[in-house]
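# Examining the three-dimensional arrangement
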Amino acid sequence: MEEIDRLKEIVETLRSENGCPWDRVQTHESLKPECIEEAAEVINGINNYTKTGDAENLKEELGDLLLQVMFHSVIADEEGLFTFDDVAKTVSEKMIRRHPHVFAGVTYNSKEEQHAAWEEIKKQEKEGKEWFADTLPEAFEEAKELIEKAKERKGYK
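Here we summarise the structure given alongside this text. It should be emphasised that the depicted structure is a prediction, and the values quoted were computed from it without experimental measurement. Going along each chain's sequence as written, the residues are numbered from 1 onward. The predicted origin of the model limits local features to residues at a pLDDT of at least 70 and limits the giving and counting of side-chain atom pairs to 80 or more, whereas totals for whole chains, interfaces and linings rest on all residues. Computation of side-chain values: all heavy atoms of the structure, hydrogens and water removed.

Numbering goes from the N terminus for both helices and strands, where a helix is a DSSP run of H or I of at least four residues and a strand is a run of E of at least two. Within the secondary structure layout, His72 lies in helix α4 (residues 56–78). We classify His72 as buried; its relative accessible area is 17%. Throughout, a contact is declared for two residues whenever any of their heavy atoms are within 4.5 Å. Dropping the residues within four chain positions of it, His72 is found in contact with His28 and Leu31. Throughout this description, buried means an accessible area under 20% of the type-specific maximum (1.4 Å probe, protein chains only), exposed means over 50%, and partly exposed covers the range between.

Spelled out as structure tokens, the structure:
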């Protein structure tokens, strides 16, 4: 975790009073374009790795995506919402909860039974928050628009 702590310190420094003017003023909203662009570049990194067997570009692009996660986590921490550790803990707990066949000794008789259990766990997790899914189509549309703008910025349109 040494490098994660180092990355956190770097982002905090960039956002500090003596940091970078651009980084200091960023918000969750303003970072949407960078977030979607970095996700697309990870796809490109995967494609490059698949074609060439060279993982360097994938490693770099995953780092850039991790930077986005850290950046949003630091902003959230500044806002008193949550920390990077909270993000990591949340996804760790979700993976353990969704994999009782790995972490809790549960046995399934078939892939179908395992899939049905996974869906039931997800359903229980989302209980009372079903409306979140209602906003997903809007987010997909926004992501498409952000991708188009990223293509323009990169000179592909």
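Now for the packing of aromatic side chains. Aromatic rings from Phe, Tyr and Trp, taking only the six-membered ring of Trp, are treated as a pair when their centres fall within 6.5 Å; an angle between ring planes under 30 degrees marks them as stacked, one over 60 as edge-to-face, and anything in between as tilted. Summed over the entire model, instances satisfying the criterion amount to 1 aromatic pair. A centroid spacing of 4.3 Å and a plane angle of 75° characterise the contact between Trp131 and Phe132, whose relative ring orientation is edge-to-face. Under the relative-accessibility criterion, Phe132 is labelled partly exposed at 43%. For the cation-ring pair, Arg98 lies above Trp118, with the distance from its terminal atom to the ring centre recorded as 5.4 Å. Only when the NZ of Lys or the CZ of Arg is both within 6 Å of the ring centre and within 35 degrees of the ring normal is a charge said to sit over the ring.

One fewer than the residue count of a helix, multiplied by 1.5 Å, yields its expected span. With 14 residues, helix α1 (residues 2–15) should cover 20 Å at 1.5 Å per step; its first-to-last C-alpha distance of 20 Å lies within 8% of that length. Residues of α1 that are buried: Ile4, Leu7, Val11 and Arg15. Take α1 and look down its axis: the buried residues cluster within an arc of 70°, on one side only. Residues of α1 that are exposed and point over 90 degrees away from its buried face: Glu2 and Arg6. Buried residues along α1 sit in contact with α2 (21–24), α4 and α5 (84–98). Throughout, the arc means the angular range of directions from the helix axis out to the C-beta atoms.

Attention shifts here to the pattern of salt bridges. Salt bridge criterion: a side-chain nitrogen from Lys or Arg within 4 Å of a carboxyl oxygen from Asp or Glu. If you walk through the whole model with that rule in mind, you get 14 salt bridges. Glu56 is paired through a salt bridge with Lys59; the nearest N and O atoms lie 3.1 Å apart. With Glu56 and Lys59 both in helix α4 and 3 residues apart, this pair spans about one turn of that helix. The salt bridge partner of Glu141 is Lys144, with a shortest N-O separation of 3.2 Å. Here the residue Glu141 and the residue Lys144 both occupy positions in helix α9 (residues 136–153), the gap between them amounting to 3 residues, near one helical turn. By relative accessible area, Glu141 is classed as partly exposed at 41%. Sharing partners across several salt bridges, the network here consists of Glu37, Glu41, Arg153 and Lys154.

Take the nonpolar core next. Here, the term nonpolar core denotes a set of buried Ala, Val, Leu, Ile, Met, Phe, Trp, Tyr and Cys residues that are joined through side-chain atoms within 4.5 Å. In terms of nonpolar packing, the biggest core is built from 9 residues, these being Ile4, Leu7, Val11, Leu31, Met70, Phe71, Val74, Ile75 and Phe84. Counting residues per element, the ones that place at least two in this core are α1 and α4. A per-element tally of this core places α4 first, with 4 residues. What Ile4 contacts, discounting residues up to four positions off in sequence, is Leu66, Met70 and Phe84.

The values are spatial; any link to function lies outside them.
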